[in-house]
Amino acid sequence: MPASIVILTGAGVSAESGVDTFRDTGGIWSRYDYRKVATPEGFAADPALVHDFYNQRRSGLVKIAPNAAHYALARLEAGHPGRLTLVTQNIDDLHERAGSKNLIHMHGELTKAICVRCGSRHEWHGDLSTEVPCPACAEAGGLRPDVVWFGEMPYHMERIYEALGDCDLFLAIGTSGSVYPAAQFVQEASRAGAHTVELNLEPSETFGDFDEAIHGPASRVVPDYVEKLLKGK
């Protein structure tokens, strides 16, 4: 088994659990104007609209559960004797609920809030509004979802690039290959000498950059691939 594994997951992993995707046909951005609900400018202009949008997403988490792909990745982490870093573009908590531990949310987390006044972060599972005071500074109106919006820098990039630069195997699972900087991770891993594999429902936009590709539903192809890794095949 490779000594160091980096895994990138995207919307395709959670879609089979019932989580809406953002960019697919019929996805969230076909129904909402991202400039109004997923930018700092949108939040400044109409925080109530932004809170309503994310309150709906957050409350929807209780209606969904991890699928076979999430559980397979948790099994791989538990059974891997080396280093495994799981980087997700998803803001849901399905990887955690499946048992993954060494997890990086590069686009933030729906179950956390950040205060734009004092910068403090908090676990948050209920609704947010402009009336809710920050638990740290007690100011109302400053709390927002702790997610990365358009125009903002993804989280933990230094840690991610460090892992990519020292990995032997890179897996991209359920990603479109259209979102940067994540779309460039396969190139970073290749430069480090890693074997790169795409596990996706269909070929991504960066399909040609991978050494190997396996296409099909994540709930099927991910458990199959994980079992082969754990058995040393």
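Everything that follows concerns the structure shown earlier in this document.
Note that the coordinates shown come from a computational prediction; the quantities given were computed from them, not determined experimentally.

Asker: Break down helix 7 (residues 157–164) for me, citing the residues and quoting the values.
Answerer: Considered for burial, the residues of helix 7 that qualify are M157, I160, A163 and L164. Each buried residue of helix 7 sits inside an arc of 125° when the element is viewed along its axis, so together they form one side. Within helix 7, the exposed residues directed more than 90 degrees away from the buried face are E158 and E162. Summarising the contacts, the buried residues of helix 7 are in contact with strand 1 (4–9), strand 2 (83–88), strand 3 (103–105), strand 7 (169–173) and helix 8 (185–191).

Asker: Give a detailed account of the environment of G126, specifying residues and quantitative values.
Answerer: Mapped onto the secondary structure, G126 falls in the loop between strand 5 (121–123) and strand 6 (143–147). Expressed as a C-alpha distance, the spacing of G126 and Y71, which sit 55 residues apart in the sequence, is 26 Å. In this structure, G126 is in contact with N55 and R58, ignoring residues within four places of it in sequence.

Asker: Describe helix 5 (residues 68–79), naming the residues involved and giving the relevant values.
Answerer: In a regular helix each residue adds 1.5 Å, so 12 residues correspond to 16 Å; helix 5 covers 16 Å between its end C-alpha atoms and thus fits that length. Within helix 5 the residues assigned to the buried category are A69, H70, A72, L73, A74, L76 and E77. In the core, the buried residues of helix 5 are packed alongside strand 1, helix 1 (11–15), strand 2, helix 6 (94–98), strand 7 and helix 9 (218–230). Between the side-chain oxygen of the N-cap and the backbone nitrogen of A69 there are 2.8 Å, and the N-cap of helix 5 in question is N67.

The rules behind these values
Residues numbered from 1 in each chain as written. Predicted model: local features only at pLDDT ≥ 70, side-chain atom pairs only at ≥ 80, totals over all residues. Heavy atoms only, no water. Buried < 20%, exposed > 50% of the residue type's maximum accessible area, 1.4 Å probe, protein only. Helix = DSSP H or I, 4+ residues; strand = E, 2+ residues; numbered from the N terminus. Arc of directions from axis to C-beta. Contact = heavy atoms within 4.5 Å. Expected span 1.5 Å × (residues − 1). Polar contact = N/O pair within 3.5 Å; in protein donor to acceptor, adjacent residues only side chain to side chain.

Remember, this is a structural readout, not a statement about activity or role.
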